[in-house]
There are 2 protein chains.
Amino acid sequence: MKTKNLIILLAMLISQTALAGSVKSPNGNIELKFTVDDKGRPTYEMTYKGRPVVNPSHLGLELAKDKHASRGMNETDLMEGFAIKDEQTSEQDETWQPVWGETRTIRNHYRELAVTLEQTTKIAEYKGDGTNLGTALVPHVRNIIIRFRVYDDGIGLRYEFPQQKDLNYFLIKEEHTEFAMAGDHTAWWLPGDYDTQEQETQESRLSEIRGRFNQAVNWGNSSVAVFSPTGVQTSLQMKSQDGLYINIHEAACADYATMHLELVDAQTKALTTKLDGTSNAYTPAPTPSPYPLPAPFTFVSHLTPDATGLKGAMQTPCHTPWRTVMVSDDARDMLASNLILNLNEPCALDDVSWIHPTKYCGVWWEMIVGKSNWHYTDDFPSIQLDNIDWQKVKPHGRHAANNEKVKRYIDFAAKNGLQQVLVEGWNVGWEDWANMWKRDVFDFVTPYPDFDIKMLNDYAHQKGVKLMMHHETSSSTQNYERHMEQAFQLMNKYGYDAVKTGYVGDIIPRGDHHYSQSMNNHYLHVVKEAAKHHIMVNAHEATRPTGLCRTYPNMVGNESARGTEYEAFGGSRPDHTCILPFTRLQGGPMDYTPGIFETQLKSWSNNTSWARITIAGSLALYLTMYSPLQMAADLPENYEKYDDAFQFIRDVACDWDDSRYLEAEPGDYITVARKAKGTDNWFVGGKCDEQGHKVNLRLDFLDKGRKYACTIYADAKDAHYKTNPKAYTISRRIVKQSDVLKLTEAPGGGFAVSLIAVK
Amino acid sequence: MKTKNLIILLAMLISQTALAGSVKSPNGNIELKFTVDDKGRPTYEMTYKGRPVVNPSHLGLELAKDKHASRGMNETDLMEGFAIKDEQTSEQDETWQPVWGETRTIRNHYRELAVTLEQTTKIAEYKGDGTNLGTALVPHVRNIIIRFRVYDDGIGLRYEFPQQKDLNYFLIKEEHTEFAMAGDHTAWWLPGDYDTQEQETQESRLSEIRGRFNQAVNWGNSSVAVFSPTGVQTSLQMKSQDGLYINIHEAACADYATMHLELVDAQTKALTTKLDGTSNAYTPAPTPSPYPLPAPFTFVSHLTPDATGLKGAMQTPCHTPWRTVMVSDDARDMLASNLILNLNEPCALDDVSWIHPTKYCGVWWEMIVGKSNWHYTDDFPSIQLDNIDWQKVKPHGRHAANNEKVKRYIDFAAKNGLQQVLVEGWNVGWEDWANMWKRDVFDFVTPYPDFDIKMLNDYAHQKGVKLMMHHETSSSTQNYERHMEQAFQLMNKYGYDAVKTGYVGDIIPRGDHHYSQSMNNHYLHVVKEAAKHHIMVNAHEATRPTGLCRTYPNMVGNESARGTEYEAFGGSRPDHTCILPFTRLQGGPMDYTPGIFETQLKSWSNNTSWARITIAGSLALYLTMYSPLQMAADLPENYEKYDDAFQFIRDVACDWDDSRYLEAEPGDYITVARKAKGTDNWFVGGKCDEQGHKVNLRLDFLDKGRKYACTIYADAKDAHYKTNPKAYTISRRIVKQSDVLKLTEAPGGGFAVSLIAVK
């Protein structure tokens with residue numbers, strides 16, 4: 001990746017006697033103030049155009065008392081008793097080019113405040129053998145740095161722990177980063193959970209979270225591990241009563257536990273809560289936090305624990321992820337922001353030539369819907385991979401990943417310009433793969449007898465198509481790490497260059513959680529190992545992204561939210577896709593797998609669920625749900641029935657030189673225009689909730705004086721996601737920059753427009 | 001491996017109405033009776049020559065109630081309500097050849113009783129989505145098999161779980177295998193502990209265990225994780241007041257948690273106890289076991305838990321390890337028994353030509369003693385492997401694994417017929433390797449700058465010597481599994497064929513224990529992966545062996561007990577090595593690393609500890625502590641001062657065609673004669689405790705009519721392990737079968753004899 005840097009560094013040494021610092025964003029709209037309070041607690045506040053965004057909020061970490069405290073593991077919390085030792089401010093303005101993305105270049109422009117804090121305590125002294133000497137208390141001086149980066153659209157802050165004599169290793173009991181909201185905002189929230197983020201988003205006032213929490217949890221999901229009745233996930237999108245859009249998330253979460261937020265409300269007795277491992281219920285912790293409760297409407301960070309309940313094992317020099325607060329009085333800025341990406345490290349890969357945005361179809365939806373199966377046989381009550389001769393096993397006849405069907409999908413992809421075909425259920429082990437605490441669940445290299453891996457890859461390659469690999473780990477990470485190298489070698493051998501991984505079910509090693517430090521390390525380990533093999537990774541059920549795709553652009557996608565599959569599990573609300581870009585997509589692209597045309601699944605299967613969307617709305621998702629990886633998720637035969645509408649999926653790009661968010665309101669509507677990479681062509685998509693939406697689409701983003709062949713895929717007048725989802729119109733005309741298109745989105749509908757520059 | 005089988009199978013179908021079965025050992029000395037009691041609990045008892053060894057004892061497993069109970073995870077305990085459905089008896093008599101061992105062939109002769117038990121319960125019915133229907137209870141029929149093998153020197157029993165509709169997956173809360181002792185035996189015991197077995201053995205009556213428990217624990221050991229004040233480890237050696245030697249252990253513990261024993265005594269309130277993870281103290285469990293307490297002097301199995309407290313995740317078909325009870329009225333039979341090996345599966349490796357017993361020396365003892373270091377620099381408070389340019393680091397000058405010193409050891413090995421040289425501390429990361437919860441602690445491939453891996457291996461090979469690899473994992477198993485393949489490839493590249501692994505410190509993933517199911521799986525995974533690279537493994541701090549070396553003979557050694565290193569950490573009692581062969585060595589050889597000649601460490605270092613042994617006693621250990629891997633642990637310069645005594649180490653074999661235990665008493669003395677593999681030469685060793693010992697060594701094991709050049713290495717008359725450990729005599733004579741050697745072992749001493757057949 002080539003990076004164009006325009007770096008301005010203005011390092012200024014503030015007087016060491018200063019007790020507070022402040023920094024404004026480049027355009028002055030955002031101001032960040034920092035101080036330490038009378039107990040020496042680090043405290044920050046944030047305003048936007050003079051209006052409060054984050055009221056004074058404490059920062060700090062509570063450390064665990066480890067049995068090895070005597071051997072360098074510190075026991076003293078990093079919460080209070082701090083004095084400001086140094087403050088540095090600087091400014092950075094650079095432009096860089098992502099390997100793939102919504103725009104060709106990204107500007108990274110911020111002002112920085114880095115505060116060095118010193119804490120002096122006295123601790124017990126130990127002998128070399130770990131025995132507490134029992135008498136002397138020795139001075140213990142520790143420095144941490146809190147670094148703030150202030151952008152025009154938000155801030156990032158993180159804790160940094162320099163290498164030092166008195167702070168080498170420490171265990172985190174809890175991070176206590178506060179975000180004191182200025183009022184009872186409206187929030188789009190998911191129940192805070194250590195293992196799943198596939199719930200429907202709730203829209204409520206902050207004060208209503210506790211009351212709505214139980215009904216917000218889909219308790220039937222086997223992975224539910226909620227921890228508090230006011231715990232929510234990030235990215236958390238809010239809107240204040242006076243119209244400020246505020247978003248809390250994190251950036252660059254690597255080898256650190258995923259952060260949740262716990263809201264302090266009138267009923268909060270103790271901030272620290274714990275999961276009762278024996279059931280899906282949350283129980284308050286027996287010992288309340290020793291630190292005073294912050295003000296109401298304050299969120300406090302709550303990290304995902306490991307199997308022992310601890311939140312992190314750290315070694316200096318190190319730092320936390322960035323904690324981010326985005327803000328604007330224009331909702332479109334939430335979507336256009338690059339703050340999360342900018343807070344991540346530059347690309348770590350030398351060669352990125354093998355990374356490419358991809359449109360794909362796959363042998364998948366028919367299994368999700370239940371018409372065919374991932375598994376091959378019903379012969380056995382359970383499977384032990386070493387003990388089965390698959391050639392002698394009796395197939396049940398519903399196995400989808402068979403040669404004939406895969407060739408059909410390859411033919412479809414080749415005919416329609418889709419670059420890859422995902423095939424799930426190709427490898428042995430699906431007979432009893434989930435939630436059985438089965439470590440050795442897959443080997444990732446042995447195909448079922450009816451899947452000829454060599455023939456099918458050869459067949460695909462002859463047609464200019466690649467197969468896409470699938471590694472469902474069943475969350476047995478130990479097993480996956482043991483087999484991963486061989487699995488990647490198999491991919492290299494047969495010409496796969498992308499893998500969809502999956503983490504369904506409970507984590508093995510037992511007791512660990514999907515979003516813990518060790519699991520976050522695992523996901524990134526997979527991405528790094530895959531890069532060595534020139535393999536792109538799209539992890540499902542993994543941790544929610546935090547912009548690490550900037551550093552490792554072979555991480556081309558993630559699920560990490562409620563995807564299209566839920567349309568076969570009872571459906572998602574029509575406003576779901578008008579919320580996700582504000583929340584889930586802040587950290588990186590989602591493999592949402594859009595494109596369901598036959599929304600009434602019972603029309604071709606026994607599944608009575610149905611997708612809450614019109615066909616025109618489905619087309620819009622290829623624009624509004626940005627991803628370099630876009631699936632055409634429905635079955636070839638379903639697309640063939642609506643081939644004129646499918647033309648848009650054939651045409652639409654999935655990598656962009658420019659993107660313009662034309663209008664947006666969380667949960668209501670999003671309209672975006674994007675310019676296809678390396679071309680003069682634009683594509684526009686609009687998606688709305690169950691209310692419908694009218695758009696005056698001004699084409700002023702087009703080149704002046706140029707003509708464009710415009711094709712409009714719109715909901716028909718009587719279209720409706722419930723009653724008439726397949727009513728669409730296609731119209732064509734020649735347009736120019738000054739034109740305005742008047743478009744009507746049906747309830748649960750949308751539109752898609754292609755604008756091909758006339759040469 | 002060639003196996004000579006002489007198999008006799010006598011399958012007899014017992015009437016299905018039988019309520020009890022019994023089987024006697026081939027010579028009739030041992031009788032095993034089985035029944036189910038009035039509550040349907042499986043019950044067995046065992047006698048030896050009509051005397052009780054195990055009084056009626058229950059068998060069963062308590063299962064965990066998992067959140068996935070509704071999805072096939074069973075909740076009903078496998079404890080009671082059983083009926084006998086079938087009984088099969090058979091006899092087996094075969095002879096097999098170990099790849100290495102104490103004898104050239106091993107006879108496996110037993111009678112077997114296999115009882116199929118059926119348990120019918122009614123359980124709640126669930127819908128497909130996991131919801132309890134709430135009303136109907138459905139019949140739930142499960143079969144298990146309890147298999148007994150009765151040898152002339154003991155029994156093995158195990159639980160087998162056939163694959164069946166109502167028993168596919170289950171989680172073990174606890175195994176409740178009882179061993180009801182017939183009296184208040186003397187026991188040689190170690191505190192039951194999930195993470196260490198490096199304590200001094202206690203000798204006491206069973207009734208004294210509780211009172212002596214706290215003082216038996218070395219609380220300064222960072223790994224201590226005891227669980228009950230009457231918990232002890234296996235192999236547990238006992239002696240009844242009427243002279244029966246009884247030993248409880250297990251065989252073939254693979255992918256199952258290591259078993260401890262918990263003694264029921266007058267103060268036992270609840271059998272189930274738990275570890276308080278936050279300290280080294282044990283606390284009783286809040287909920288007592290629902291099952292009635294067995295009789296006093298009963299041991300009940302207590303498995304090592306995982307991070308969540310569960311003991312095992314099982315998938316049928318599967319079985320537990322064998323639970324073994326050895327018995328004899330002659331202590332020598334305890335040492336000569338092959339019961340544990342016989343209960344293991346035959347060799348699983350096709351090619352074993354690369355596996356060879358080995359004598360070695362190593363760059364090790366001087367670091368243990370503290371004269372030099374594993375680590376290379378003192379420059380950093382901690383190390384992050386990726387961030388250090390080792391070529392630029394300032395060495396502290398005490399790094400032992402340097403080119404010059406390693407060459408010195410290679411020269412010494414070559415001169416003295418030692419095949420390999422272990423080098424510890426060769427690879428980067430030792431600066432902060434232990435107990436810091438540091439996952440990425442070693443990479444196992446990067447040498448320190450002063451260790452030229454290519455040059456040193458070439459140098460060694462030119463002299464007919466190999467280097468022995470060292471992989472200290474720091475118990476970060478996740479890190480080791482990630483690097484293992486590359487580490488083994490490095491070994492292949494440079495010509496290493498053996499690795500000493502280490503598991504010092506706390507297990508990562510956090511919360512797991514050294515002897516849990518997952519860790520036991522890890523150790524065996526390493527052995528299997530090593531075998532693919534033709535690498536022999538000698539794991540330290542790993543789980544205690546259970547005879548798996550029969551199946552995987554590249555597992556040539558283990559530590560798994562208090563080794564010679566403790567002579568530098570305060571010392572071990574002189575009787576220690578007269579106990580280990582009865583306990584630790586039952587499951588497989590120990591890399592005890594004998595051979596300390598300069599027992600007063602302060603004579604060549606600043607270490608004030610001293611070895612509680614004479615030089616002649618040290619020589620004896622090469623016979624009494626059987627291992628195919630024998631180290632000459634002291635420094636070359638220390639051996640060179642006593643080169644006449646070192647001659648025995650040069651001469652002694654480490655693989656045998658025959659072994660004769662001539663006399664033995666636990667904790668007092670052991671005398672053994674062994675015939676070197678493929679030769680007519682014999683070696684005899686005698687080792688005693690602090691009391692000294694007189695031996696009339698009858699040479700009747702020699703060939704009749706043959707003459708032998710006999711060299712006797714004996715304690716001098718005034719030798720004493722405390723005051724005069726280096727006083728030895730060497731005498732030579734020609735002997736024949738009818739001769740008797742009168743030998744006196746000093747307190748803490750011993751003797752060694754070589755008998756070379758005169759041609």
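As shown above, the structure is provided for reference.
As a starting point, this report considers the structure included with it. Note that this is a predicted model, so its numbers are computed, not measured.

Conventions we followed
Residues numbered from 1 in each chain as written. Chains lettered and ligands numbered in written order. Predicted model: local features only at pLDDT ≥ 70, side-chain atom pairs only at ≥ 80, totals over all residues. Heavy atoms only, no water. Helix = DSSP H or I, 4+ residues; strand = E, 2+ residues; numbered from the N terminus. Rg over C-alpha atoms; globule rule 2.2 N^0.38 Å. Buried < 20%, exposed > 50% of the residue type's maximum accessible area, 1.4 Å probe, protein only. Contact = heavy atoms within 4.5 Å. Areas by Shrake-Rupley, 256 points an atom, 1.4 Å probe, with all protein chains shown as cover. Least-squares fit on C-alpha atoms with pLDDT ≥ 70 in both. Buried area = accessible area lost by both parts, 1.4 Å probe. Salt bridge = Lys/Arg side-chain N within 4 Å of Asp/Glu carboxyl O. Polar contact = N/O pair within 3.5 Å; in protein donor to acceptor, adjacent residues only side chain to side chain. Phe/Tyr/Trp six-rings, centres within 6.5 Å; stacked < 30°, edge-to-face > 60°. Lys NZ or Arg CZ within 6 Å of the ring centre and 35° of its normal. Axes fitted to C-alpha atoms, helices over the stretch in contact; angles between N-to-C directions. Parallel < 35°, antiparallel > 145°, perpendicular 65-115°, else oblique. Nonpolar A, V, L, I, M, F, W, Y, C, P; charged D, E, K, R; others polar. Pairing = 2+ DSSP bridges.

1. Looking at the overall build of chain A
Here comes step 1: Secondary structure assignment for chain A yields twelve helices and 40 strands.
Here comes step 2: In summary, chain A has a C-alpha radius of gyration of 26 Å against a globular reference of 27 Å for 759 residues, a match within 12%.
Here comes step 3: C-alpha atoms of chain A, sized along the principal axes, occupy 80 × 70 × 50 Å.
Here comes step 4: Within chain A, the fraction of its 759 residues that count as buried is 66%.
Here comes step 5: Contacts spanning at least 24 positions in sequence make up 73% of the contacts within chain A whose residues lie at least 6 apart.
Here comes step 6: If you sum the accessible surface of chain A, you get close to 26000 Å²; carbon and sulfur atoms cover 49% of it.

2. A short note on the relation of the copies chain B and chain A
Here comes step 1: Rotating chain B by 180° about the axis while translating it 0.1 Å along that axis superimposes it on chain A, leaving an RMSD of 0.0 Å. Taken together, the rotation and translation describe the operation of a two-fold axis. Judged by C-alpha distance, Ala 307 of chain B is the residue of chain B that lies nearest the rotation axis, at 3.0 Å.
Here comes step 2: With an isologous cut-off of 70% or more, the 100% of interface residues of chain B that recur at the interface of chain A puts this contact in the isologous class.

3. As for the environment of Cys 654 of chain A
Residue and element names in this part refer to chain A.
Here comes step 1: If you trace the backbone, Cys 654 turns up in the loop between α12 (643–651) and β33 (656–665).
Here comes step 2: On the accessibility criterion, Cys 654 (8% relative accessible area) is buried.
Here comes step 3: The spacing of Cys 654 and Ser 627 is 27 residues in sequence and 6.7 Å in space, taken between C-alpha atoms.
Here comes step 4: Those residues in contact with Cys 654 that lie beyond four places of it in its chain are Pro 357, Thr 358, Lys 359, Tyr 626, Ser 627, Pro 628 and Gln 630.

4. Focus on the interface of chain B and chain A
Here comes step 1: With 46 residues of chain B in contact, the opposing surface of chain A contributes 46 residues.
Here comes step 2: Counting each side, the surface lost to burial between chain B and chain A is near 4000 Å², with a carbon and sulfur contribution of 43%.
Here comes step 3: Counting across the chain B and chain A interface gives six salt bridges.
Here comes step 4: The shortest N-O distance in the salt bridge between Arg 510 of chain A and Asp 306 of chain B comes to 2.5 Å.
Here comes step 5: Scanning the region where chain B abuts chain A turns up 28 residue pairs in polar contact (both at pLDDT 80 or more).
Here comes step 6: Secondary-structure elements contributing two or more residues to the side of chain B that touches chain A are β11 (169–175), β22 (312–315), α7 (477–494) and α8 (517–532) of chain B.
Here comes step 7: Element by element, the count of residues in the side of chain B that touches chain A is highest for α8 of chain B, at four residues.

5. As for helix α10 (residues 615–624) of chain B
Here comes step 1: Where burial is concerned, most of α10 of chain B is hidden: ten out of the ten residues are buried.
Here comes step 2: When we look at burial in α10 of chain B, the residues that qualify are Ile 615, Ala 616, Gly 617, Ser 618, Leu 619, Ala 620, Leu 621, Tyr 622, Leu 623 and Thr 624 of chain B.

6. What about the packing of aromatic side chains?
Here comes step 1: The full count for this structure, using the stated rule, is 54 aromatic pairs over all chains.
Here comes step 2: On the numbers, 4.9 Å between centres and 85° between planes, the contact of Phe 597 of chain B with Tyr 639 of chain B is edge-to-face. Here Tyr 639 of chain B lies in helix α11 (residues 636–640) and Phe 597 of chain B lies in the loop between α9 (576–579) and α10, a separation of 42 residues in the sequence.
Here comes step 3: Connected via pairs of aromatic rings, a cluster forms that spans Trp 374, Trp 430, Trp 433, Phe 442, Phe 444 and Tyr 480 of chain A.
Here comes step 4: Against the face of Tyr 459 of chain A rests Lys 407 of chain A, its NZ or CZ located 5.0 Å from the ring centre.
Here comes step 5: In this arrangement the basic side chain of Arg 510 of chain B is found over the ring face of Trp 437 of chain B, its NZ or CZ atom lying 5.7 Å from the centre.

7. Here we look at unusual backbone geometry
Here comes step 1: Of note, the bond from Thr 234 of chain A into Ser 235 of chain A is cis; its omega dihedral lies within 30 degrees of zero at -5°.
Here comes step 2: Within the fold, Ser 235 of chain A resides in the loop between β16 (231–232) and β17 (236–239).
Here comes step 3: Residue Asn 435 of chain B is not a glycine yet carries a positive backbone phi of 60°.
Here comes step 4: Turning to its location among the elements, Asn 435 of chain B is positioned in the loop between β26 (420–423) and α6 (453–462).
Here comes step 5: Even without being glycine, Glu 541 of chain B reaches a positive phi, approximately 60°.
Here comes step 6: When you line up the elements, Glu 541 of chain B lands in the loop between β29 (536–540) and β30 (555–558).
Here comes step 7: According to the relative accessible area criterion, Glu 541 of chain B is buried, its value standing at 14%.

8. Overview of the side chain of Asn 427 of chain B
Here comes step 1: Secondary-structure assignment places Asn 427 of chain B in the loop between β26 and α6.
Here comes step 2: For Asn 427 of chain B, the side chain forms a polar contact with the side chain of Trp 430 of chain B, separated by 3.1 Å.

9. Remarks on the packing of α7 of chain B against α8 of chain B
Residue and element names in this part refer to chain B.
Here comes step 1: For the pair α7 and α8, interaxial distance at closest approach is 11 Å and the crossing angle is 5°. One way to sum up the angle between α7 and α8 is to call them roughly parallel. Here α7 contributes Thr 477, Tyr 480, Glu 481, Met 484, Glu 485 and Phe 488 to the contact with α8, which in turn contributes Met 519, His 522, His 525, Val 526, Glu 529 and Ala 530.
Here comes step 2: Here the residues of the contact of α7 with α8 are counted per class, giving six nonpolar, three polar and three charged.

10. Some details on the sheet that holds β11 of chain B
All names here are of chain B.
Here comes step 1: Sheet architecture is open: three strands sit in the order β6-β11-β22, paired in antiparallel fashion. Unpaired on one side and paired on the other, β6 (61–63) and β22 mark the two borders of the sheet. Recorded for the sheet is a direction-independent mean angle of 50° between the axes of neighbouring strands.
Here comes step 2: In the sheet, β6 pairs with β11 via three bridges, with the strands oriented antiparallel. Across the sheet, residue Leu 63 finds its bridge partner in β11, namely Ile 172.

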